[in-house]
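# Structural features, examined
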Amino acid sequence: MILLKDVCKTYELGETPLKALDHVNLSINPGDYLSVMGPSGSGKSTLLNMIGLLDRPDSGELYINDIATHSLIEEERAKLRQNNIGFIFQSFHLIPRLTALENVEVPLMLSKTPKHERREQSMKILEQLGISSRADHLPKQLSGGQLQRVAIARALLMKPSILLADEPTGNLDSRSGSEVIELLEKFNQEGITLMMVTHDVQLGSRAPRKLQIIDGKLSEVEKHHAFS
Amino acid sequence: MRLVDYWEFSVPVFKRHIPRTLLLTLAIAIGVCSVILLTSLGEGARRFIEQEFSSLGADLLIILPGKKETQGGAPPIYGTTTRDLTLEDVQAIEHISTIDKIAPIIAGTALITFQNRSREVITMGSTPAIFPIRDLTLGEGRALPENSSTQHVPVIVLGSKIKKELFGNQSAVGEWVRAGDYRFRVIGVLEERGESLGLDLRDMAIIPVRSAEMLFNSPALFRVIIQLSQSNSEAYTEQRIRKIIAERHEGKDDISFVSQDSILSAFNSIMLTVTAVVGAIAAISLVVAGVLIMNVTYISVAQRRHEIGLLKALGATGLQVKRIFIGEALLLTTAGSVIGMLLAFSGIEFVRWYWPDFPIAATWWAVISAIVTAFIMGALFSWLPAAKASKLDPILAMRGFS
Ligand SMILES: Nc1ncnc2c1ncn2[C@@H]1O[C@H](COP(=O)(O)OP(=O)(O)OP(=O)(O)O)[C@@H](O)[C@H]1O
Ligand SMILES: [Mg+2]
């Protein structure tokens, strides 16, 4: 359960303050599948980072599983992030000197899990995503689709309740793009909350809940207005 | 993160930046090595002096004429003479049971002439006891006669250098030389031997003490060196001597004592201070290494902004990020310390091999403080850049800005 109440984020840029998030109210239930669309610079990434606790609202409240995150100290927010939130980015963000497997393991390493357990869990998830044969490859030896699968494996490893994906298919061709989306949807069907920013109307319309941001203002597209 | 995780996470970083890693390790190694090596040299010097003293023979007690109050600190080398100490005083104390050997000394310079060659020479009047006490050995001839303290005997023992300068390769024993107004027959030449406590024994001449009294026209003794028959009898002997001399000097306690122990402990504390100071100066190179660590850590933080942002997005706390960078600095410090120690100990072995007479030795306190200093530097100087890393905004860092 995620709850945003009047969340605002303003960037002071010279004379005119820029409202990246303008009184955003949103409630997300466990297992929801939401897409976020909107023009470039409208505040989509800002919203995702806010929910992912990478950013703090200037005003308003943000609850994750009934925890008032806006009043937590940084270290507590890191813990909450580690245990509840999985991030997937447009540009993968893998550590270049680590192999695919080692990259997947990083969140477990940060949470002090012993090595053999780490290996086991990471291999299992790589197998699930169909890239276990690439476990020992470095990121530079993998294709874009494979890189994104590694990133997804890493995001899923801690069994988060929320998966936040910021344009996960932005760097992929349409075929591997839809493969990645199908993967994410599969995990959503298993119960993970999925929130995905996308520019692709077709992809966006697959989500039961469609959010739209324009100039920091959030609105939800009603079901009967759905794109067809 | 567990300790082994920090290790496994950081080692690939070092592998990617081999020159930088090696240079930093080298800088730390040089710092640790120089602290250990220089303090070991200082410790060697201290032991060298200690050895020199003990080669003089243990349990020496020296009487100086004149009274000088000593309360700790260095003993008086030159007392202010109030009343002369004479050979008669020495005869009055030589029966004391704890005295093994006693050598009164009158010293001065005399012009010694052989044929047309002459040299101004420090000439020491003494008794045969001076030879064992100061560990003097004869290259040829014999030592002073037994009656040196009772009558003028015109004989002289020359230092090896004087002998060479006056006689060249010609034999000297049996020849007559002039010293001031008197003629002396050469009866012995000292063996070639280095300096002993700053006194170049090769450059001296020794004559009977009664003859020196005549030559320098004064009965005043320069000092009296006593070899004790058993150790730890300094206090008793000193007390007995003071009593006898006071009786002979109208109740005046006008002599001073220097024991070998007191000189040695004074030298020891001087050398320890010198060693510590030298070590502290060498530790400056560790500070330089520390600045280098800071520099490299800053570069590393800048280069790995993406990674830092990502780690935070994956749930790393600021503390964990800080530990990664401080940990990397400490890993390099460990490697540098180990290499520095190896270098230092091989340096010490080399000195031992090259200069076997010099008792160079590593002191445990120097080794420990070198390593502790290195670690403090590593932690201290990586702290600022690591703190900077821990405070990076994850979103900006991941986008490549800071
Ligand atoms: N650190 C920052 N400082 C100042 N302004 C910022 C900062 N980050 C974002 N902004 C501004 O906030 C607004 C929203 O940014 P955001 O990244 O959320 O856009 P977006 O909807 O994700 O756009 P895109 O579709 O291009 O990714 C933009 O106008 C941007 O200029
Ligand atoms: Mg964006």
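Whatever comes next refers back to the structure up there.
Residues numbered from 1 in each chain as written. Chains lettered and ligands numbered in written order. Predicted model: local features only at pLDDT ≥ 70, side-chain atom pairs only at ≥ 80, totals over all residues. Heavy atoms only, no water.

### Considering the pattern of salt bridges
Residues and elements named next belong to chain A. The final tally for this structure, using the stated rule, is 29 salt bridges over all chains. For the salt bridge of Lys9 with Asp55, the shortest nitrogen-to-oxygen distance reads 3.2 Å. Placement of the pair is Lys9 in strand β1 (residues 2-13) and Asp55 in the loop between α1 (44-51) and β4 (59-64), with a sequence separation of 46 residues. No difference in accessibility class separates Lys9 from Asp55, as the two residues are buried. We note a salt bridge from Glu185 to Arg206, for which the minimum N-O separation is 2.9 Å. Within this pair, whereas Glu185 is found in helix α6 (residues 174-189), its partner Arg206 is found in the loop between α7 (201-204) and β9 (209-214), the two being separated by 21 residues in sequence. (Salt bridge = Lys/Arg side-chain N within 4 Å of Asp/Glu carboxyl O. Helix = DSSP H or I, 4+ residues; strand = E, 2+ residues; numbered from the N terminus. Buried < 20%, exposed > 50% of the residue type's maximum accessible area, 1.4 Å probe, protein only.)

### What about the packing of helix α8 (residues 260-282) of chain B against helix α9 (residues 284-303) of chain B?
Residue and element names in this part refer to chain B. Running from amino to carboxyl end, α8 crosses α9 at an angle of 20°, the nearest separation of the two axes being 4 Å. One way to sum up the angle between α8 and α9 is to call them roughly parallel. Residues Ala280, Ile281 and Ala282 of α8 form the contact with α9, whose own contacting residues are Ile284, Ser285 and Leu286. Taken together, the residues of the contact of α8 with α9 sort by class into five nonpolar, one polar and no charged. (Axes fitted to C-alpha atoms, helices over the stretch in contact; angles between N-to-C directions. Parallel < 35°, antiparallel > 145°, perpendicular 65-115°, else oblique. Contact = heavy atoms within 4.5 Å. Nonpolar A, V, L, I, M, F, W, Y, C, P; charged D, E, K, R; others polar.)

### Things to note about a positive patch on the surface
On the surface, a cluster of positive charge is contributed by Lys79 and Lys112 of chain A together with Arg2 and Arg323 of chain B. By the secondary structure assignment, Arg2 of chain B is in the segment before α1 (3-16). (Patch = residues over 30% accessible without salt bridge, like charges linked within 9 Å, V, L, I, M, F, W, Y side chains within 5 Å. Areas by Shrake-Rupley, 256 points an atom, 1.4 Å probe, with all protein chains shown as cover. Lys, Arg positive; Asp, Glu negative; His and termini not counted. Charge placed at Lys NZ, Arg CZ, Asp CG, Glu CD.)

### A word on the interface of chain B and chain A
Each partner contributes residues to the interface: chain B has 26 residues there, and chain A has 24 residues. Between Asp5 of chain B and Arg118 of chain A there is a salt bridge whose closest N-O contact spans 2.8 Å. The interface formed by chain B and chain A includes seven residue pairs in polar contact (both at pLDDT 80 or more). Considered class by class, the residues forming the side of chain B that touches chain A number 13 nonpolar, five polar and eight charged. (Polar contact = N/O pair within 3.5 Å; in protein donor to acceptor, adjacent residues only side chain to side chain.)

### A word on the sheet that holds strand β2 (residues 16-28) of chain A
Residue and element names in this part refer to chain A. Strand order in the open sheet made by the four strands is β2-β1-β4-β5, with antiparallel pairing throughout. Both edges of this open sheet fall to β2 and β5 (67-68), since each of them pairs with a single strand only. Here β1 runs beside β4; their pairing, made up of five bridges, is antiparallel. Bridge pairing links Cys8 to Ser59 in β4. Sheet contacts for α1: β1, β2 and β4; angle to β1, the most-contacted strand, approximately 125°. (Pairing = 2+ DSSP bridges.)

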